[in-house]
Amino acid sequence: MMQTPLSKSPEPLSPAALSISPVPAEIAPDGTSLTPEQQRELRAYLEQGLPLSPRPYQEIAARLNTCETEVIKQIRHWQQQNLIRRLGLVVKHRQLGYCANAMVVWDIKDQDINHIAGQLSARPEVSLCYQRPRRLPHWRYNLFCMIHGKDREAVLKQINLLTRELKLDHINKDVLFSYKAFKQQGARYSQRKQVDERA
Amino acid sequence: MTLSLLQQQLINEWQKGFPLTSSPYAQLAKELGSSETEVLAALKELEQADILSRLGAVFDHKKAGASTLAALMVPEEDLEYVAAIVNKFEQVNHNYAREHDYNLWFVVTAADDFTLQRVLTRIEQLTGLEVLVLPMEKAFHIDLSFQIDFDSKQPLARVS
């Protein structure tokens, strides 16, 4: 593993060094009448959050130079395509007392992964369960689960319990608690000027 | 801050299925036996208390663009500095310190693979560290909404 020492340049990073201009993304063709640019803008608004005012879709429509019906139609279309996974409140767990969040990573034989991942996914305490590639020799784990709880002890107890009940004691795993959130925000696929200014 | 019953209901019942109607907040109010004004006030308060990140859409990472989980092995004393570099990219939407040799974990989400790759390369250049890139290969389970247990005696929000 390459560990080059960090060069701590006293100069702040220039905005140019950090800006990555995106290649315009092709948004799935559809039956709506919004232009690709309007669709990108709409996606950015949805990622940033709806206005907390009585007519949120109307407000967005006005900014996009279209009508409320088209905005709603486009959102519904994205939902039907499963491009939008959910629309609603996005809350910060930490602020609600759910301070412990552990990423549990497992080194599971390829032929067993579907079975074990299925068992883990069925547990209510597991909120995410993803397969990711191994990166040998640095990283041996191929299954990732996320477990949230009110505190560290509660989360550890849950992990021990599910390991025992699913008879996974023989599998190599690691538990990575987070101890600081440097950034926690909704994903933004659509780069938009206004987002830049707000950053 | 103590959350009102209305706020608790909003949190546990409206993480998904937000109405696609002209006056969605009025519809929420109707279903919760409240008024549009009260619902909007409750949401604004949650936002000010930094409990509500936003009321919006969560897009499917796979379908809506390119994204990956990534990690860096950062010397402990450089962690804040490196985290700040990573944070500057608008394509980085989560960035956490975790207890492991790989101690900085972040999610990069971009419009396409090309941009994603450029962000990762730029992060390597700016930090001098090799990025561990772990894209999702298969999603077995994704929770759509996270139920908050408001009944427990523990203090709810740690908001000053």
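This structure is a prediction, so every number in the text was calculated from the model and none was measured.

## Description of the overall build of chain B
The helix and strand tally for chain B stands at 6 helices and 6 strands. Ordered by position from N to C terminus, the α and β elements of chain B give α-α-α-β-α-β-α-β-β-α-β-β. Computed over C-alpha atoms, the radius of gyration of chain B comes to 20 Å, more than 25% over the 15 Å expected from 2.2 N^0.38 for 160 residues, which places it beyond the range of a compact globule. Reported as C-alpha extents along the three principal axes, the dimensions of chain B are approximately 55 × 35 × 30 Å.

## A closer look at the overall build of chain A
Counting its regular elements, chain A contains 7 helices and 5 strands. The helix and strand sequence of chain A, counted from the amino end, reads α-α-α-α-β-β-α-β-β-α-β-α. The 199 residues of chain A split such that 30% are buried. Across chain A, contacts joining residues at least 24 apart in sequence account for 63% of those joining residues at least 6 apart.

## Quick look at the sheet that holds strand E3 (residues 92–98) of chain B
Here we have 9 strands laid out as an open sheet, ordered E5(B)-E2(B)-E4(B)-E3(B)-E5(A)-E2(A)-E4(A)-E3(A)-E6(B), and antiparallel in their pairing. A single partner strand is all that each edge strand has here, and the edge strands are strand E5 (132–134) and strand E6 (138–142) of chain B. Neighbour to neighbour, the strand axes of the sheet diverge by 25° on average, direction disregarded. Taken together, the 7 bridges between strand E2 (residues 100–106) of chain A and strand E4 (residues 143–149) of chain A define a ladder with antiparallel strand orientation. Within E4(A), the position partnered with Trp106(A) by the bridge is Leu143(A). The sheet strands contacting helix H5 (residues 79–87) of chain B are strand E5 (173–184) of chain A together with strand E2 (66–72), E3 and strand E4 (104–110) of chain B, and the helix crosses E3(B) at an angle near 165°.

## Focus: the interface of chain A and chain B
By a widely used convention, the size of an interface equals the accessible area lost when the partners come together. Residue-level contacts link 79 residues of chain A with 84 residues of chain B. Of all the elements in the fold, those that place two or more residues in the side of chain A that touches chain B are helix H2 (36–48), helix H3 (56–64), helix H4 (68–80), strand E1 (84–91), helix H5 (113–121), strand E3 (126–131), E5 and helix H7 (193–198) of chain A. The leading source of residues in the side of chain A that touches chain B is E5(A), at 10 residues. Alignment of E1(A) against strand E1 (residues 52–59) of chain B, held across 7 bridges, turns out to be antiparallel. Residue pairing for E1(B): Val91(A) is matched across the bridge by Leu52(B).

## What to know about the nonpolar core
Note on soluble globular proteins: their nonpolar side chains tend to be buried together. In terms of nonpolar packing, the biggest core is built from 35 residues, with Ile84(A), Leu89(A), Val91(A), Leu43(B) and Leu52(B) touching the most fellow members. Among the elements of the structure, H2, H3, H4 and E1 of chain A together with helix H1 (5–13), helix H2 (24–32), helix H3 (36–48) and E1 of chain B are those that each provide at least two residues to this core. For Leu43(B), the residues in contact, after removing those within four places along its chain, are Leu52(A), Leu10(B), Leu52(B) and Leu55(B).

## Observations concerning the domain arrangement of chain A
Segmenting chain A into domains produces domain 1 (29–90) and domain 2 (93–177). For domain 1 of chain A versus domain 2 of chain A, the distance between C-alpha centres works out to 35 Å.

## Quick look at the confidence of the model for chain B
All names here are of chain B. In this model, chain B carries an average pLDDT of 90, and 91% of its residues clear a pLDDT of 70 or more. Averaged over each element, pLDDT in chain B is lowest for helix H4 (residues 61–64) (68) and highest for E5 (98). Counted against residues more than four places away or in other chains, residues 153–160, with its pLDDT under 50, gives 19 contacts. Confidence estimates for the predicted assembly give a pTM of 0.71 and an ipTM of 0.75.

## Things to note about H4(A)
Residue and element names in this part refer to chain A. Spanning 13 residues, H4 covers 18 Å between terminal C-alpha atoms, matching the ideal 18 Å at 1.5 Å per step. For H4, the set of buried residues is Val 71, Gln 74, Ile 75 and Trp 78. Here the buried residues of H4 occupy an arc of 95° about the axis, which is enough to place them on one side. Buried residues along H4 sit in contact with H2, H3 and E1. Within two residues after H4, Asn 82 carries a phi angle of roughly 60°, on the positive side.

What counts and how
- Residues numbered from 1 in each chain as written.
- Chains lettered and ligands numbered in written order.
- Predicted model: local features only at pLDDT ≥ 70, side-chain atom pairs only at ≥ 80, totals over all residues.
- Helix = DSSP H or I, 4+ residues; strand = E, 2+ residues; numbered from the N terminus.
- Rg over C-alpha atoms; globule rule 2.2 N^0.38 Å.
- Buried ≥ 20, exposed ≤ 12 C-beta atoms within 10 Å, placed from the backbone.
- Contact = placed C-beta atoms within 7 Å.
- Pairing = 2+ DSSP bridges.
- Axes fitted to C-alpha atoms, helices over the stretch in contact; angles between N-to-C directions.
- Core = buried A, V, L, I, M, F, W, Y, C linked by C-beta atoms within 7 Å.
- Domains from an automatic or database assignment.
- pLDDT = per-residue confidence, 0-100.
- Expected span 1.5 Å × (residues − 1).
- Arc of directions from axis to C-beta.

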